[in-house]
Amino acid sequence: MPQSALPPSSAAAAAAADPEPSCSEAGAREMDDEDLVEDLLATVNSARAYADFRRTQRKECHNLLRWLQLVLPLLEELRDSAPHLTDDAYRRLTLLGRAFAAARRLLRSCNDGSKIFLALESEAVLGRFRTVYEKMNSALDGMPYEELGISDEVMEQVELMNAQLTRCKKRTDTQDIELSMDLMVIIQNNQDDERNADRAILDRLASKLELQTLADLRAETVAIKKLISERNGQNAEGTKQIVELLNKFKVIAGIDEKNVLGGEVFVTKSLDKCPSLMIPDDFLCPITLEIMTDPVIVASGQTYERRSIQRWLDSGERTCPKTRQPLAHQSLAPNYALKNLILQWCDKHKVELQRREPEPVTEQDEQPREDIPSLVEALSSIHSDVQRKAAKKIRVLSKESPENRALIAGNGGIPALIGLLAFPDKKVQENTVTSLLNLSIDQSNKVFITKGGAIPLIIEILRNGSAVGQENSAATLFSLSMLDENKVTIGTLGGIAPLVELLRNGTVRGKKDAATAIFNLILNQQNKVRATHAGIVPVLLKVIDDKGLGMVDEALSIFLLLSTHTACLGEVGTTPFVEKLVQLIKEGTPKNQECALSVLLELGTKKQPLLVHALRFGLHEHLSKIAKNGTSRAQRKANSLIQLAKKCY
């Protein structure tokens, strides 16, 4: 995960960022009493206008809004009674105003900010919520209600709310582990030419982040452009990750356009001097948000850039991207009138359009499409050579496009492939299970593959297949386990133990596939116990020690899930493992430190002697350093451990 530029959530950081004014400072009042109260009311009411929050912060946003709502009666009584404010009352209300302003900024960010950024930086953003809570709590502690003439009912309501704020500051919530792991896998893994395993993770991320529709992706593109502008070249690596993720979400939505943030329009120096110039919305393709050079009209009446809409149609889509209406036909009519308007506008404002070379005709385009129904029929041939050739071709075709996958499934390909999983030839098994992996990208196919009885046969290939067959079987089980009911089925049918064995003795890619599948499966509580019984703990310890493997973070993420189950604590919660965590906190990468701190915090919360042992092993010195200089998430975990450690003395 990229290092955040957002502030840590410690009380010290909050105080440093917003020191309390002294009594003498309060004497030099910036506004009169009535204006201060009106300003507080206006800030709260403007903050309450935000209502549509990003899913990753939705719970915290609604909590914050509820607390702002509870403070309103206090402010309304102050406005109505208009008392003379003492220096202490004025100071506390000024602090409250600062807290409200910070709350408004935070709610606005969670309302219209980049969903991808807010997911990647969820821990740091949570730290900002903590800072707001601390500011509100500090302002309300000792509020002179009697001097202000506040009614008992309102005073009791605000004090109750303040008590909730105090408890909230002590919470040790962790991030969404599944979301964090999915992001880590997608960011770290390169796209594999042979398989579409990462597609299942991308589908889940797109669903969680609500980035599946064209409208959502357009809004996200605008939010990322704004973020890049605000960063002004800072944190280039983090920005690159955000843009790459956006590109991937666009591709799985059928928008195969990589250059989503610019580059299609060359702006001359004269235009650089006039940054306020805006391109008319009608000139922008709804898919790419870039100015159109060859606008065409589709059956729904909407206009798109020819290249973009053609890619949409070639991916198998038969709806209008903007309206989602079914298209009566796929003909594209040139929009000459709009093209002329765009050319006139560009000439007037000295905007140079990039000349695109025609796309080369690929060898695949020159060849006739394979007859998929015939190939599916050949899978059930009485001749083994025919079956072998058909399985190999189906593997290639199932990877190429959504249209091919739909044709294969629609012509009975799934039961035919399941029938070949037990074929004695390991190469046929490999081609077959990889075809099912590719088909399982589509949600409905996951159900058909499971109901067809494929899972026990896939587990058998995982145990005894070729190296590639085992790798792709693990990836297929991961894809199928996206459905919660399949997590239970795979665990019940014995899929955990061979995955642990692959993690122990597989190839590098096999180990990565096994780790991803295991992580997903042990989101189910019973599977955590199954994994522990299968001996996953010593295997994970070897994975951590193998520096060349580069899977420390994946192993620690699995350890974190295991440590949340009481039945697994005996295996996970050992003093040698705690010493290993301390070593990683001392010498590991920033991401290693974040993961190790998370695991240690979970273990220390449940078994205090483990934290005591870590402190004896030199933990405290490293915590202090990370609390000052670590990543935002590491700082928050370190501060939580420091607070927990105080209870051990």
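Residues numbered from 1 in each chain as written. Predicted model: local features only at pLDDT ≥ 70, side-chain atom pairs only at ≥ 80, totals over all residues. Heavy atoms only, no water.

### Examining the overall build of the protein chain
Reasoning step 1: Regarding its fold elements, the protein chain presents 37 helices and five strands.
Reasoning step 2: The buried share among the 649 residues of the protein chain stands at 53%.
Reasoning step 3: Considering only residue pairs separated by 6 or more positions, the protein chain has 73% of its internal contacts joining residues 24 or more positions apart.
Reasoning step 4: Summed over all atoms, the accessible surface of the protein chain reaches about 29,500 Å², with 51% contributed by carbon and sulfur. (Helix = DSSP H or I, 4+ residues; strand = E, 2+ residues; numbered from the N terminus. Buried < 20%, exposed > 50% of the residue type's maximum accessible area, 1.4 Å probe, protein only. Contact = heavy atoms within 4.5 Å. Areas by Shrake-Rupley, 256 points an atom, 1.4 Å probe, with all protein chains shown as cover.)

### Remarks on the sheet that holds strand β2 (residues 295-297)
Reasoning step 1: Taken in spatial order, the three strands make up an open sheet running β3-β2-β4, and their pairing is antiparallel. Looking at which strands have only one partner, the edges of the open sheet turn out to be β3 (303-305) and β4 (333-334).
Reasoning step 2: Where β2 and β4 come together, two bridges link them in antiparallel fashion. In the strand pairing of β4, Val 296 is matched with Pro 334.
Reasoning step 3: Relative to the sheet, helix α15 (residues 306-314) contacts β2, β3 and β4, its axis offset from that of β3 by approximately 95°. (Pairing = 2+ DSSP bridges. Axes fitted to C-alpha atoms, helices over the stretch in contact; angles between N-to-C directions.)

### Section: unusual backbone geometry
Reasoning step 1: Even without being a glycine, Ala 82 presents a positive backbone phi close to 45°.
Reasoning step 2: One can find Ala 82 in the loop between α4 (58-81) and α5 (87-112).
Reasoning step 3: Looking at Ala 82, the relative accessible area reads 40%, which means it is partly exposed.
Reasoning step 4: Despite not being glycine, Glu 210 has its phi angle at roughly 55°, a positive value.
Reasoning step 5: Position of Glu 210 among the secondary structure elements: in the loop between α11 (197-209) and α12 (214-231).
Reasoning step 6: For Glu 210, a relative accessible area of 28% translates into the label partly exposed.

### Here's the deal with the environment of Phe 577
Reasoning step 1: Topologically, Phe 577 is positioned in helix α33 (residues 575-587).
Reasoning step 2: Separated by 33 residues in the primary sequence, Phe 577 and Leu 610 place their C-alpha atoms 9.6 Å from one another.
Reasoning step 3: Setting aside residues up to four positions removed in sequence, Phe 577 forms contacts with Leu 541, Ile 544, Phe 559, Val 572, Val 599 and Leu 603.

### Examining the pattern of salt bridges
Reasoning step 1: By the definition in use, this model includes 18 salt bridges.
Reasoning step 2: Put simply, Lys 427 and Glu 430 hold a salt bridge, and the shortest N to O gap is 2.9 Å. Note that Lys 427 and Glu 430 are positioned in helix α22 (residues 426-439) at a spacing of three residues, about one turn of the helix.
Reasoning step 3: Exposure remark for Lys 427: the relative accessible area of 46% places this residue in the partly exposed category.
Reasoning step 4: Salt bridges here are not isolated pairs; linked through shared partners, they connect Asp 88, Arg 91 and Arg 92. (Salt bridge = Lys/Arg side-chain N within 4 Å of Asp/Glu carboxyl O.)

### Side note on the side chain of Arg 204
Reasoning step 1: Here Arg 204 is to be found in helix α11.
Reasoning step 2: Using a relative accessible area of 10% as the deciding quantity, one classes Arg 204 as buried.
Reasoning step 3: At 2.6 Å, the side chain of Arg 204 and the side chain of Asn 520 are in polar contact.
Reasoning step 4: Those residues in contact with Arg 204, other than ones at most four positions away along the chain, are Glu 178, Asp 182, Phe 478, Met 482, Lys 487 and Asn 520. (Polar contact = N/O pair within 3.5 Å; in protein donor to acceptor, adjacent residues only side chain to side chain.)

### What to know about the packing of aromatic side chains
Reasoning step 1: Scanning the model with the defined rule gives four aromatic pairs in all.
Reasoning step 2: Between Trp 67 and Tyr 133, the aromatic rings sit 5.1 Å apart at their centres with planes inclined by 85°, giving edge-to-face as the arrangement. One end of the pair, Trp 67, is in helix α4; the other, Tyr 133, is in helix α7 (residues 122-140), and 66 residues separate them in sequence. Assigned by exposure class, Trp 67 and Tyr 133 land together as buried.
Reasoning step 3: The interplanar angle of 80° and the centroid separation of 6.0 Å between the aromatic rings of Phe 283 and Trp 345 together place this pair among those described as edge-to-face. Pair noted here: Phe 283 is in the loop between α14 (269-272) and β2 and Trp 345 is in helix α16 (residues 336-349), with a separation of 62 residues, a long-range link. (Phe/Tyr/Trp six-rings, centres within 6.5 Å; stacked < 30°, edge-to-face > 60°.)

### Observations concerning a negative patch on the surface
Reasoning step 1: Together, Glu 146, Glu 147, Asp 152, Glu 153, Glu 156 and Glu 159 make up a negatively charged patch on the protein surface.
Reasoning step 2: Counting residues per element, the ones that place at least two in the negative patch are α8 (145-148) and α9 (152-169).
Reasoning step 3: Counting residues per element, the negative patch draws most heavily on α9, at four residues.
Reasoning step 4: Secondary-structure assignment places Glu 146 in helix α8. (Patch = residues over 30% accessible without salt bridge, like charges linked within 9 Å, V, L, I, M, F, W, Y side chains within 5 Å. Lys, Arg positive; Asp, Glu negative; His and termini not counted. Charge placed at Lys NZ, Arg CZ, Asp CG, Glu CD.)

### What about the packing of helix α21 (residues 413-420) against α22?
Reasoning step 1: Their axes nearest at 9 Å, the elements α21 and α22 cross at an angle of 145°. As α21 runs across α22, the sense of the crossing is left-handed. In this structure, α21 uses Ile 414, Leu 417, Ile 418 and Leu 420 to contact α22, whose residues at the interface are Val 428, Thr 432, Ser 435, Leu 436 and Leu 439. (Left-handed = near helix turned anticlockwise from the far one by under 90°.)

### Looking at the nonpolar core
Reasoning step 1: Within the largest apolar cluster, 171 residues are counted, with the highest numbers of intra-cluster contacts made by Phe 249 and Leu 556.
Reasoning step 2: Considering every element that reaches this core, the biggest residue donor is α5, with twelve residues.
Reasoning step 3: Excluding residues that lie within four positions of it along the chain, Phe 249 makes contacts with Ile 116, Leu 202, Leu 205, Ala 206, Leu 209, Leu 211 and Leu 217.
Reasoning step 4: Counting 20 residues, the second-largest nonpolar core is a separate cluster that includes Ile 291, Met 292, Val 298 and Ile 309. (Core = buried A, V, L, I, M, F, W, Y, C linked by side-chain atoms within 4.5 Å.)

### Description of the confidence of the model for the protein chain
Reasoning step 1: For the protein chain, per-residue confidence averages 82 on the pLDDT scale, and 86% of positions sit at 70 or higher.
Reasoning step 2: Of the regions scoring below 50 in pLDDT, residues 257-277 engages in 42 contacts with residues more than four places distant in sequence or in other chains. (pLDDT = per-residue confidence, 0-100.)

### As for helix α30 (residues 536-545)
Reasoning step 1: For α30, the set of buried residues is Ile 536, Val 537, Val 539, Leu 540, Val 543 and Ile 544. One face of α30 carries all of its buried residues, which in axial projection span an arc of 160°.
Reasoning step 2: Turning to α30, the residues buried within the fold contact α27 (496-505), α28 (508-521), α29 (525-533), α31 (552-562), α32 (569-572) and α33. (Arc of directions from axis to C-beta.)

### Some points on α21
Reasoning step 1: Of all eight residues making up α21, six are buried, and the element is well covered by its neighbours.
Reasoning step 2: Of the positions making up α21, those classed as buried are Gly 413, Ile 414, Ala 416, Leu 417, Ile 418 and Leu 420.
Reasoning step 3: The inward-facing, buried residues of α21 contact α18 (372-378), α19 (384-400), α20 (402-410), α22, α23 (443-451) and α24 (454-464).

### What about the packing of α19 against α20?
The geometry of a pair of packed helices is captured by two quantities: the angle between their axes and the separation between those axes.
Reasoning step 1: Packing of α19 against α20 leaves a shortest axis separation of 5 Å and a crossing angle of 130°. In this view, α19 runs oblique relative to α20, as classed from their interaxial angle. Residue-level contacts link Ile 394, Leu 397, Ser 398, Lys 399 and Glu 400 of α19 to Asn 404, Arg 405 and Ile 408 of α20.
Reasoning step 2: Residues belonging to the contact of α19 with α20 are distributed by class as follows: three nonpolar, two polar and three charged. (Parallel < 35°, antiparallel > 145°, perpendicular 65-115°, else oblique. Nonpolar A, V, L, I, M, F, W, Y, C, P; charged D, E, K, R; others polar.)

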